[in-house]
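For reference, the chains in residue letters:
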Amino acid sequence: AKMFKQLYKWKWIIAALSCFLLLYILPTEFIEKYYSTGFFLWIRKIVDNTFAHLPFPSYYLFIVVLFFIILKWFLHFFKEKPSPLLQHLFKIASFAGFMITLFFIMWGFNYGRIPIEKHLNFEINTLTEEQLIVETKETIAHLSQIRKSIKNDTNVIPEIVFVNNIEENSRDALCATLNDFKYPNSTKIRGRFVLDDMFLIFGVGGQYMPYIGEGNVDDAVYYSRKSFYLMHEMAHGNGFTNEATCNFLAYVSCMQAGNLSIEYSGEINYLIYLFNAWKNTNENIFLAFKNELPLALKKDLEDMKRHNEKHTFKSAFLGDMINNAYLKILGIQDGVKNYDKMVLLVYAWKQQKINIH
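Criteria and cut-off values
- Residues numbered from 1 in each chain as written.
- Predicted model: local features only at pLDDT ≥ 70, side-chain atom pairs only at ≥ 80, totals over all residues.
- Heavy atoms only, no water.
- Salt bridge = Lys/Arg side-chain N within 4 Å of Asp/Glu carboxyl O.
- Helix = DSSP H or I, 4+ residues; strand = E, 2+ residues; numbered from the N terminus.
- Buried < 20%, exposed > 50% of the residue type's maximum accessible area, 1.4 Å probe, protein only.
- Core = buried A, V, L, I, M, F, W, Y, C linked by side-chain atoms within 4.5 Å.
- Contact = heavy atoms within 4.5 Å.
- Disulfide = S-S within 2.5 Å.
- Axes fitted to C-alpha atoms, helices over the stretch in contact; angles between N-to-C directions.
- Parallel < 35°, antiparallel > 145°, perpendicular 65-115°, else oblique.
- Left-handed = near helix turned anticlockwise from the far one by under 90°.
- Polar contact = N/O pair within 3.5 Å; in protein donor to acceptor, adjacent residues only side chain to side chain.
- Expected span 1.5 Å × (residues − 1).
- Arc of directions from axis to C-beta.

> Would you explain the pattern of salt bridges in this entry?
A side chain with one charge may pair with a side chain of the opposite charge, provided their charged atoms come close. Taken as a whole and judged by the stated rule, the model has 12 salt bridges. For Lys226, the salt bridge is made with Asp219, and the minimal N-O distance between the two is 2.8 Å. Its salt-bridge partner being Asp303, residue Arg306 comes within 3.4 Å of it at the nearest N-O pair. Of this pair, Arg306 and Asp303 both sit in helix H14 (residues 295–310), three residues apart, roughly one helical turn. Using a relative accessible area of 48% as the deciding quantity, one classes Arg306 as partly exposed. Several salt bridges converge on common partners, so that one network encompasses Glu167, Arg171 and Arg190.

Below, the structure written as structure tokens:
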């Protein structure tokens, strides 16, 4: 009985370690079938019918609850007869164990699901420099064409074009893509905006919080990029953990939305990823592309740059550090670099479409 009592005391630490163990040993097919397209869908239903109905982002509620828990501990620490330090540390470890276990139950096991490229039978290959040049040129040409259809001069597109009915339009576009790809999805998932710079202070534009099942985007994200960001976070909410996968799903959804402003949002975000790929591999080609940009796009990107500079903080490196460590712990070996894999997924998707037609 004493041993049982000891074990019970350690229950959350044991549970958390068991979750990590299960993630590594369970076959991807098992996780896909019984968790991602099984149990997790019930979790989705529960959060969609509770937190989703709050008149404000549930993220605020999560922060307030966490703040009170930490405050309570802090005050407890300084009370008259403080418990020994080890006891305190054990309590903290237990709480962390509880939060980790809850994280896995509510979303985290999706890290072990079948990768999207396998599900969609994609040929994933590294691109040659020539292929990347063609891809960048086509993206610029398409973006320029969309830009002309929205606004035929070189003045910056007004914000209202992008933010009108943005949550509903983004959700519908994402659901259509997930249906196309034969993935179950939530038609009630929320993607909401939090206060300016609440995330950007850590260099992060959006976040999906598994405990409340809601995607959140910083309201200071540049307006033409918002729709893409929302879809990225909502893709997380539909059980996709991989950053590149969520970027890819957001991109395809933007392209197929049949809505010019959403298409523009997808293509401008994709162009930024392509430019980043060039910056890392060949600075000269990057500069050549930048100089040859049509004037309207040049102006758009300059306006975006000015906006971003106002919302860039010295503390931004923290977000990258935390994000990198977090992704690596959960088995995404390339960490933050995983975002770049989006280009390969998009390219494979385009090739597959050409081959089908």
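> I keep staring at the nonpolar core and nothing clicks. Help me out?
The tendency in soluble globular proteins is for nonpolar side chains to be buried as a group. Within the largest apolar cluster, 56 residues are counted, with the highest numbers of intra-cluster contacts made by Phe181, Phe248, Leu249, Tyr251, Tyr264, Phe275 and Trp349. Those elements that place two or more of their residues in this core are helix H7 (129–150), helix H9 (166–180), helix H10 (226–237), helix H11 (243–255), helix H12 (260–281), helix H13 (283–292), H14 and helix H16 (342–356). For this core, the element with the highest residue contribution is H12, accounting for 10 residues. Aside from chain neighbours lying at most four places away, what touches Trp349 is Phe122, Phe181, Phe248, Tyr251, Val252, Met255 and Gln256. Within the second largest apolar cluster, 24 residues are counted, among which are Cys19, Leu23, Ile31 and Tyr35.

> Explain the state of the cysteines here, please?
Among covalent bonds in proteins, the disulfide is the one between the sulfur atoms of two cysteines. Here the structure, examined in full by the defined rule, presents zero disulfides. The thiol sulfur of Cys246 is not disulfide-bonded, and the nearest other cysteine sulfur, from Cys254, lies at 13 Å.

> When you look at the packing of H10 against H11 in this model, what are you seeing that I'm missing?
Here H10 crosses H11 at 125 degrees, and the two axes come no closer than 8 Å. As summarised for this structure, H10 and H11 are arranged oblique, according to the angle between their axes. Taken as a pair, H10 and H11 cross one another with a handedness that is right-handed. Judged by residue contacts, Phe228, Met231, His232, Ala235 and His236 of H10 engage Glu243, Cys246, Asn247, Leu249, Ala250, Tyr251, Ser253 and Cys254 from H11.

> How should the side chain of Glu32 be read in this particular structure?
Positionally, Glu32 belongs in helix H3 (residues 28–48). Of the polar contacts made by the side chain of Glu32, one reaches the backbone nitrogen of Ile114; its length is 3.0 Å. Setting aside anything within four residues of it in sequence, one finds Glu32 in contact with Thr37, Arg113, Ile114 and Tyr183.

> How should helix H4 (residues 58–77) be read in this particular structure?
Because an α-helix packs 3.6 residues into every turn, residues spaced three or four apart end up facing the same way. Taking 1.5 Å of rise per residue, the 20 residues of H4 would be expected to cover 28 Å, and the 29 Å separating its terminal C-alpha atoms lies within 8% of that figure. Next to the buried residues of H4 lie helix H5 (85–106), strand S1 (191–194), strand S2 (206–209) and strand S3 (214–218).

> What am I meant to see in unusual backbone geometry here?
In most cases, non-glycine residues show a negative phi, while peptide bonds are predominantly trans. At Asn165, a residue that is not glycine, the phi angle is positive and equals roughly 55 degrees. Position of Asn165 among the secondary structure elements: in the loop between helix H8 (160–163) and H9. For Asn165, a relative accessible area of 43% translates into the label partly exposed. In this model, Asp197 sits at a positive phi of 70 degrees, which is unusual for a non-glycine residue. Structurally, Asp197 is set in the loop between S1 and S2.

> How should helix H15 (residues 316–329) be read in this particular structure?
Along its 14 residues, H15 runs 21 Å from first to last C-alpha, staying within 8% of the 20 Å computed at 1.5 Å per residue. Taken together, the buried positions of H15 are Gly319, Asn323 and Leu327. Taken down its axis, H15 places every buried residue within 55 degrees of arc, on the same side. Across H15 from its buried face, at more than 90 degrees, point the exposed residues Met321, Ile322 and Ile329. Residues of H15 that are buried sit in contact with H11. A positive backbone phi angle near 90 degrees is found at Gly331, which sits one or two residues after H15.

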